[in-house]
Amino acid sequence: MATVLNPQQFTYSRGYAWALGLLIGIAVPVTYMGNLALAIAFGFAALLAAVAMANPSARQQAKALAKTRVGTAALLTLLWWVGVAITSIDPVSSIQVVSRMAVYIMAFIWVIVALAERPKARQIAESSIMIGSAVLGTLAVIAVIVEPSLLHVFKPLHEGPIMAENMFKSLQSVLALTVPVLLYLAWQRRGVWIGVVSVALICDIALFAGITGQTAESAIGGMMGASLILFLLFVARHLSRPGRVLLIIATLGLCVALGVSVFQVLPHPPTTENDVSSPPLPVIDFHRQAIWGFVYQKALDAPVTGYGINTINKTKGALEMVPGLQHAEYVPGHPHNWILEIWSETGIVGLVLFCITQLLLVIAVARKALRGNGSAWIACAVMASFWTSSLANFSIWASWWQVSFLCVLALPVSQLLADRHKTQ
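Since the model is a prediction, treat every value here as computed from it, not as a measurement. (Residues numbered from 1 in each chain as written. Predicted model: local features only at pLDDT ≥ 70, side-chain atom pairs only at ≥ 80, totals over all residues. Heavy atoms only, no water.)

**Examining the overall build of the chain**
Thought 1: Counting its secondary structure elements, the chain contains 15 helices and 0 strands.
Thought 2: Computed over C-alpha atoms, the radius of gyration of the chain comes to 22 Å, within 12% of the 22 Å expected from 2.2 N^0.38 for 424 residues, which places it in the range of a compact globule.
Thought 3: Dimensions along the principal axes, computed over C-alpha positions, put the chain at roughly 75 × 55 × 45 Å.
Thought 4: Counting every position in the chain, which comprises 424 residues, the buried fraction comes to 48%.
Thought 5: Here the contacts in the chain between residues at least 6 apart in sequence split such that 72% fall between residues at least 24 apart. (Helix = DSSP H or I, 4+ residues; strand = E, 2+ residues; numbered from the N terminus. Rg over C-alpha atoms; globule rule 2.2 N^0.38 Å. Buried < 20%, exposed > 50% of the residue type's maximum accessible area, 1.4 Å probe, protein only. Contact = heavy atoms within 4.5 Å.)

Okay, structure coming up:
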């Protein structure tokens, strides 16, 4: 028998859906204003989603997610990382990162469950990310190209003039994560939303192209990764089950072979000035190659447990200057590559556990994609964009980078949960 809501309950429910959807939808667009804006939006959304856990059905869904193979693998990975953190060369820093990630994962589960149970909230979140991306993107492009004084809108506490050079640099890769979602939403809704998304994407392209002074190579790489996974899914859809298994094996084998070949030619520390003039890898800047070579050697020196999460820049020699480069350290903060960062800081066991977790997640979502679920295709594209982009940009432990990814991924994944609930 259906439950009858009184007017007060209905008002609260509608207001809750609006608040939750709006906060999740604008979380990534407001990153134009800085990482603090992102943190505030995601933080309040997580709190609202936590309230939804009072609902027995929501708790049941959350527990079901935790008991999946992906959930079990993630738990084993976190437990290994906790053990590594205890033996870290900086235990406090390592434990802080692991604790923070555990909170983010829990908050993500709350959010996707809350959105899955509230179609209105999902609709508002989808509308918000489209409108927010178009409005703030347009304002950013106008500020950079036409009226620099408008840049104060994005840095309201900054005194004096603001230079457009390299502004929105970190945001570029975040925007690349949203491209598959925006395109899919425009295709779903049609009408005026095609125009809204077109404006957002034109602004994204302008930023990717470097109107602020730097081309977004990692963002472009992320979109190439998203395109590749969509192509592989398209091919897999036309193959038999044995053919799909062979495709997975071939893809993984190619990735491993490519990674090994790159690691083998990296410049070994200490590098020389001659190495700068003739770098072993094309396209990639030499400083990044020197960073990777240093971290790779460190990973080989501590193969099982690594040095502890978020500590590779504190190892011996990490702060030494690279010969032939000005003001360039071997590890200026982090390795700029998620594989080397996780490997060197959690050991080969930590890396393998993490990769197994991600592989299980991709397989679970890809199966739904092969059955024709559009949200699953987009979830795969977002994940591919994130992990491809993370091969050469930010620290994988950076809060704002992780939260940006989770906020974008929440939209297609919550729809997947809702679809599964309908079929049960």
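The discussion continues.
**Let's talk about the packing of aromatic side chains**
Thought 1: Following the criterion strictly, the structure yields 21 aromatic pairs and no others.
Thought 2: Consider the rings of phenylalanine 263 and tyrosine 296, whose centres lie 5.2 Å apart with planes at 20 degrees: the pair is stacked. Residue phenylalanine 263 is found in helix α10 (residues 241–265), and its partner tyrosine 296 is found in helix α12 (residues 286–301); the two are separated by 33 residues along the sequence. Here the two residues phenylalanine 263 and tyrosine 296 agree in accessibility, since each one is buried.
Thought 3: On the basis of an interplanar angle of 20 degrees and a centroid distance of 5.3 Å, the ring pair of phenylalanine 294 and tyrosine 330 is categorised as stacked. One end of the pair, phenylalanine 294, is in helix α12; the other, tyrosine 330, is in the loop between α12 and α13 (338–370), with 36 residues separating them in the sequence. Of the two residues examined, phenylalanine 294 and tyrosine 330, each falls in the buried class. (Phe/Tyr/Trp six-rings, centres within 6.5 Å; stacked < 30°, edge-to-face > 60°.)

**Structural notes on the packing of helix α9 (residues 217–237) against helix α14 (residues 374–389)**
Thought 1: Contact geometry for α9 and α14: axes closest at 7 Å, N-to-C directions at 140 degrees. Taken together, the axes of α9 and α14 are oblique relative to one another. Handedness of the α9/α14 crossing: right-handed. Residues Ser218, Ala219, Gly221, Gly222, Met223, Gly225, Ala226, Ile229, Leu230, Leu233, Phe234 and Arg237 of α9 form the contact with α14, whose own contacting residues are Trp377, Cys380, Ala381, Ala384, Ser385, Thr388 and Ser389.
Thought 2: Looking at the contact of α9 with α14 residue by residue, the class counts come to 11 nonpolar, 7 polar and 1 charged. (Axes fitted to C-alpha atoms, helices over the stretch in contact; angles between N-to-C directions. Parallel < 35°, antiparallel > 145°, perpendicular 65-115°, else oblique. Left-handed = near helix turned anticlockwise from the far one by under 90°. Nonpolar A, V, L, I, M, F, W, Y, C, P; charged D, E, K, R; others polar.)

**Re unusual backbone geometry**
Leave glycine aside and you will find that most residues have negative phi; peptide bonds, for their part, are mostly trans.
Thought 1: Residues proline 269 and proline 270 are joined by a peptide bond in cis, for which omega reads -5 degrees.
Thought 2: Locating proline 270 in the fold gives a position in the loop between α10 and α11 (273–277).
Thought 3: Within the chain, arginine 190 stands out as a residue other than glycine whose phi angle is a positive 60 degrees.

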